[in-house]
Structures are given as structure tokens and as C-alpha cells.
Amino acid sequence: MTHLWVRAEQRPNEDRVGLTPEGAKALLSGGIKVTIEESAVRAIPLQGYIDAGCEIAPENSWPTAPADAIIFGLKELPEDGTPLPHRHIMFGHAFKGQHSGKALLDRFAAGGGTLYDLEYLVDETGRRVAAFGYWAGYAGAAVTLKTWCAQQRGEICGPVGVYSGKDALLAELSAELDAATTQRPTAIVIGALGRVGAGAADLCEAMGVAVTKWDMAETASGGPFPEILDQDLFLNCIFARPGTPVFVPPEALTADRKLSAIGDVACDPDSDYNPVPVYDRATSWQEPALRVATDPVLDVMAIDNLPSMLPVESSQDYAAQLLPSLVTLTDLKAGVWGRAEAKFREFVPA
């Protein structure tokens, strides 16, 4: 019997989950065994999984799960160097030249396990079957606006946290903008036709921020793009890949510009293809903004688990997108799972 083991997230500020109790019930009805680890932080209560009929395991007990279990989580595993013998479903961040990815792949090679990277679960056309992108863009735009508001106060953005829902976030942000200035900033979103860009644009528009929406057509020339420097905010919603143009080059740090806050929602600073090479590390919930220039000021927001600011909505949305693929876990050699394994085998041959 196919056995899906949903692990507790071990990364700080990560309350999301990729399977709801309703989804777990559907998997159980389809003959898939489901084990859910206890979690002190998961946004969706454990009782729902109990009521659905799932087996319950202690928090972070997945290393001792049965050898045939498929371990399902969202964010990275603890970087302890141990071999990984299981099959894992998660965001591995290992296939695009990330410097930390090699260590993870080495662990799979040592243990004989397999990574089914959630970023590479794609349909026949290459489109991802599930993504947190919309809520990443939504939350990322919100924190970038908070960064801009802090600048108006002569400060740098303070800590951010979890919200009970988007209405609570909107209410807080609206009050902060009203207190900062009577005039809303302007923003440019690159990647506006995608899920991430749509979320970023929706948040900006909900706050009365005028948004310029660009996508591949507007960036096909390869740059430079002086229009970006003429906006108050720039939201990068395009994932780094070979051929992605540089949107904000290092020389922009000292250029005459209006731009004072960048929201790098894609957040891939250690990639060789980073289109915003004015910063070198991700920011955090405790310190959301990194000041990269002072004359004039330029702050970068680059938090890499933004959807967890709205963990209930983002979990429900993502889980609904992913469920049709989880139902097919009984045949890992076909469809999205076969394609994901083929991608993994490009880096870790069998």
C-alpha cells in the first residue's frame, strides 16, 4: 500500500501544510495510507486529520518512518548532513545552481533516496501543477510596502509575523500607509502575468497603489530598464533561470533614482542567474529589509517563505491544487511523479 507521511515543518516561521484534512480523507478513500506528524505550529489543527482517519506520529519522527513511506513536507530539511534513504516530496531548491543544493543532493546520493521536488511537479506542457505563488506575491508586496512606510518614518522595516487572514493584513497595512503619508507610492511588477505577479499586483491595488505591470514582452530587450528606477517600489516576480535579464544592476545603487524598495519575491540570491544582483542574502521575518544603499536609500525585501504569513489561506489553496497529483501517488513512474524523478536523475543518477 502506498504510504504518505506528512512531516512537521522544522523551519522557523513555517506554519503551512500541503495536505488538508479533506485532502487526507480523499487519499484514504483512494487506498493511500496517510500518517500525519504532530506539530506545535501547523496552522490547520491536528483534530481534523484525526477525524479523517489518519494515523498520527510524533513530531519530527520521519527519519524512523518505514522505508517505503513517502515523506511529504514543504520547506527544507535540517542541514545535518545525514543520508536520506526515503522518497521525499518537498521544495528542494537544488536544481538551479543554488550553492546549498549540492549538499542536499549529496545526502540523497548517500542514502539512496529520491527527491520529488514540488517546484518540478509539472504537467505535459511543463506548467507547475501547484504553486504558492499567488500568496507569495501578495505577502511579498505587503512587506515591501511596509518597508517603504518605514522609510517614510526614517526607519528600516521591523519584524513581521503571521496573520489570521488577509483581511487582518490589509487592515494593518492600510493604517500604516495612512499614517506614513497622504500619497500612495507607485510600483512596478515584473512577472505580472504569473501567479506571483498577480498576487503582488492584487495587494498593491487593494492598497490604492498604482501598478505598472510588465511581463516577458516588456523585458524581451534584455535591458537596461530605466523605468524600474522611476518607480517607488519594484516587485520581482520572475524566478531566476538562464537567460533572465538583470533588472536592477549593481550600478543602480548609486544612480539617480526614485526606487527605494525592492521586493524580490522570487528570492534566489545565491543563484548564478539572480536578476537583482544588488544583494547577497535572503532577509528574515525578524529583519525583513536589507539596506543596500544609503544615498539614496534602497532596501531589499527577500523573505523566502512569504506565504506562511497567511498560512491558512495559502495552505488551503496549495493543497487543493496539489491533491489531484497526490491521488496518483500509487504510480510514481508516470505523470507528474515520473517527470519529477527524471529531473532528479539528471543530478543523481540511479
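Rules used in this analysis
Residues numbered from 1 in each chain as written. Predicted model: local features only at pLDDT ≥ 70, side-chain atom pairs only at ≥ 80, totals over all residues. Heavy atoms only, no water. Helix = DSSP H or I, 4+ residues; strand = E, 2+ residues; numbered from the N terminus. Rg over C-alpha atoms; globule rule 2.2 N^0.38 Å. Buried < 20%, exposed > 50% of the residue type's maximum accessible area, 1.4 Å probe, protein only. Contact = heavy atoms within 4.5 Å. Phe/Tyr/Trp six-rings, centres within 6.5 Å; stacked < 30°, edge-to-face > 60°. Lys NZ or Arg CZ within 6 Å of the ring centre and 35° of its normal. Salt bridge = Lys/Arg side-chain N within 4 Å of Asp/Glu carboxyl O. Pairing = 2+ DSSP bridges. Axes fitted to C-alpha atoms, helices over the stretch in contact; angles between N-to-C directions. Arc of directions from axis to C-beta. Disulfide = S-S within 2.5 Å.

Trainee: How would you explain the overall build of the chain if you had to name every residue and give the values?
Mentor: Each helix and strand counted, the chain has 10 helices and 12 strands in total. A compact globule built from 350 residues should have a C-alpha radius of gyration of about 20 Å, and the chain, at 21 Å, falls within 12% of that. A buried classification covers 54% of the 350 residues belonging to the chain. Considering only residue pairs separated by 6 or more positions, the chain has 70% of its internal contacts joining residues 24 or more positions apart.

Trainee: Describe in detail the packing of aromatic side chains, supporting the description with residues and values.
Mentor: Each pair of aromatic rings is reported with the distance of its centres and the angle of its planes. Tallying each qualifying case throughout the model produces 13 aromatic pairs. Arranged with centres 5.2 Å apart and planes meeting at 65°, the rings of Phe95 and Tyr120 form a pair that is edge-to-face. Of this pair, Phe95 sits in the loop between strand 5 (87-90) and helix 3 (101-111) while Tyr120 is found in the loop between strand 6 (114-117) and helix 4 (133-152), placing the two residues 25 residues apart along the sequence. Across this residue pair, the class does not change: Phe95 and Tyr120 are buried. With a centroid separation of 4.8 Å and 15° between ring planes, the pair formed by Phe95 and Phe347 is classed as stacked. On the criterion of sequence distance, the pair formed by Phe95 in the loop between strand 5 and helix 3 and Phe347 in the segment after helix 10 (335-345) is long-range, its members being 252 residues apart. The buried category is assigned to Phe95, whose relative accessible area is 7%. Given a relative accessible area of 36%, Phe347 falls into the partly exposed group. Sitting above the plane of the Phe132 ring, Arg16 keeps its charged end 4.2 Å from the centroid. Above the ring of Tyr49, the side-chain terminus of Arg42 is found at 5.9 Å from the ring centroid.

Trainee: Residues and numbers for the pattern of salt bridges, please.
Mentor: Pairs may arise between side chains of opposite charge once their charged atoms sit close together. According to the stated counting rule, one finds 19 salt bridges in the structure shown. One salt bridge in this structure joins Glu55 and Lys33, with 3.8 Å as the shortest N-O distance. Here Glu55 is found in strand 3 (residues 55-57), whereas its partner Lys33 is found in strand 2 (residues 33-37), with 22 residues between them in sequence. Owing to a relative accessible area of 43%, Glu55 belongs among the partly exposed residues under this scheme. Lys33 sits in the partly exposed class, given a relative accessible area of 28%. Beyond isolated ion pairs, a larger network of salt bridges with shared partners links Lys146, Arg153, Glu155, Glu172 and Glu176.

Trainee: Provide a residue-level description of the sheet that holds strand 12 (residues 297-301), including the pertinent values.
Mentor: Within a sheet, each strand pairs with its neighbour through backbone hydrogen bonds, oriented either parallel or antiparallel. Taken in spatial order, the 6 strands of this open sheet run 8-7-9-10-12-11, and their pairing is mixed. One side of each edge strand has no neighbouring strand; the edge strands of this open sheet are strand 8 (210-214) and strand 11 (289-294). Strand-to-strand twist across the sheet, computed as the mean angle between neighbouring axes with direction ignored, equals 20°. By the bridge criterion, 3 bridges tie strand 10 (residues 261-264) to strand 12 in an arrangement that is parallel. Paired with Ile262 across the bridge in strand 12 is Val300. The strands touched by helix 4 are strand 9 (233-236), strand 10, strand 11 and strand 12; relative to strand 12, the strand with the most contacts, the crossing angle is about 155°. Packing against the sheet, helix 6 (residues 195-206) makes contact with strand 7 (186-190), strand 8 and strand 9, and its axis sits at approximately 165° to strand 8.

Trainee: Which residues make up helix 3, and what values do they have?
Mentor: Where helix 3 is concerned, the buried positions are Gly101, Leu104, Leu105, Arg107 and Phe108. Viewed end-on, helix 3 has its buried residues packed into an arc of 150°, placing them on one side of the element. Those residues of helix 3 that are exposed and aimed more than 90 degrees away from the buried face are Lys102 and Ala110. Of the surrounding secondary structure, the elements contacted by the buried residues of helix 3 are strand 5, strand 6 and helix 10. Positioned one or two residues after helix 3, Gly112 has a phi angle of 85°, which is positive.

Trainee: Please provide a residue-by-residue account of the state of the cysteines, values included.
Mentor: Scanning the entire structure with this criterion turns up 0 disulfides. Between Cys204, a cysteine without a disulfide, and Cys237, which holds the nearest cysteine sulfur, the sulfur-to-sulfur distance is 8.8 Å.

Trainee: A description of the sheet that holds strand 2 should follow, citing residues and the corresponding values.
Mentor: Here 6 strands make up an open sheet; going across it, the order is 3-2-1-4-5-6 and the pairing parallel. Single-partner strands in this sheet number two, and they are strand 3 and strand 6. Neighbour-to-neighbour, the strand axes of this sheet turn through a mean angle of 25°, independent of strand direction. In this sheet, strand 6 lies alongside strand 5 in parallel orientation, the contact comprising 4 bridges. Bridged to Met90 within strand 6 is Asp117.

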